[in-house]
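Overview (structure and organization)
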Amino acid sequence: MNGEETVRAYADMVYGIAMKYMRDPYDAEDILSETFITYFKKERTFEGEEHRKAWLIKVTINTAKDFLSARR
């Protein structure tokens, strides 16, 4: 799956997770962007789509938590 396909396939999921943590659409958009920036910066090989999905979920959650910690 290339980068554009990955964004198309997982953007809604990443945004939904970000909204659960951030509760603000603008902050959720920032988390969405940061998650995919991290994805594109790292050269990764995934064992399959479930591995890619799990990685994106984990990065989204960690990015949201880091963002919330920085606010405090």
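Criteria and cut-off values
- Residues numbered from 1 in each chain as written.
- Predicted model: local features only at pLDDT ≥ 70, side-chain atom pairs only at ≥ 80, totals over all residues.
- Heavy atoms only, no water.
- Helix = DSSP H or I, 4+ residues; strand = E, 2+ residues; numbered from the N terminus.
- Core = buried A, V, L, I, M, F, W, Y, C linked by side-chain atoms within 4.5 Å.
- Buried < 20%, exposed > 50% of the residue type's maximum accessible area, 1.4 Å probe, protein only.
- Contact = heavy atoms within 4.5 Å.
- Phe/Tyr/Trp six-rings, centres within 6.5 Å; stacked < 30°, edge-to-face > 60°.
- Expected span 1.5 Å × (residues − 1).
- Polar contact = N/O pair within 3.5 Å; in protein donor to acceptor, adjacent residues only side chain to side chain.

Here we look at unusual backbone geometry
Unlike most non-glycine residues, Arg 23 shows phi in positive territory, near 60°. For Arg 23, the location among the structural elements is in the loop between helix H1 (3-22) and helix H2 (25-41).

Digging into the nonpolar core
Core analysis: the largest hydrophobic core is formed by ten residues, namely Tyr 10, Ala 11, Val 14, Leu 32, Phe 36, Tyr 39, Phe 46, Trp 55, Leu 56 and Val 59. Sorting the residues of this core by element identifies H1, H2 and helix H3 (49-71) as the ones contributing at least two each. Excluding residues that lie within four positions of it along the chain, Leu 56 makes contacts with Thr 6, Tyr 10, Met 13, Val 14, Thr 35, Phe 36 and Tyr 39. One finds Ala 18, Ala 28, Ile 31 and Ala 64 within the second-largest nonpolar core, a separate group that totals five residues.

A word on the packing of aromatic side chains
Within the structure shown, the criterion is met by five aromatic pairs. Considering the side-chain rings of Tyr 39 and Phe 40, the 5.2 Å spacing of their centres and the 80° angle between planes classify their relative orientation as edge-to-face. Given a relative accessible area of 45%, Phe 40 falls into the partly exposed group. Where Tyr 39 meets Phe 46, the ring centres are 6.2 Å apart and the plane angle is 10°; that geometry is what we call stacked. The exposure class assigned to Tyr 39 is buried, which follows from its relative accessible area of 9%.

Overview of H2
Between its first and last C-alpha atoms H2 spans 24 Å; for 17 residues at 1.5 Å apiece the expected length is 24 Å, and the two agree. When H2 is considered as a whole, its buried residues turn out to be Asp 27, Ala 28, Ile 31, Leu 32, Thr 35, Phe 36 and Tyr 39. In this fold, the buried residues of H2 make contact with H1 and H3. Measuring from the backbone nitrogen of Tyr 26 back to the side-chain oxygen at the start of H2 gives 3.0 Å, which picks out Asp 24 as the cap.

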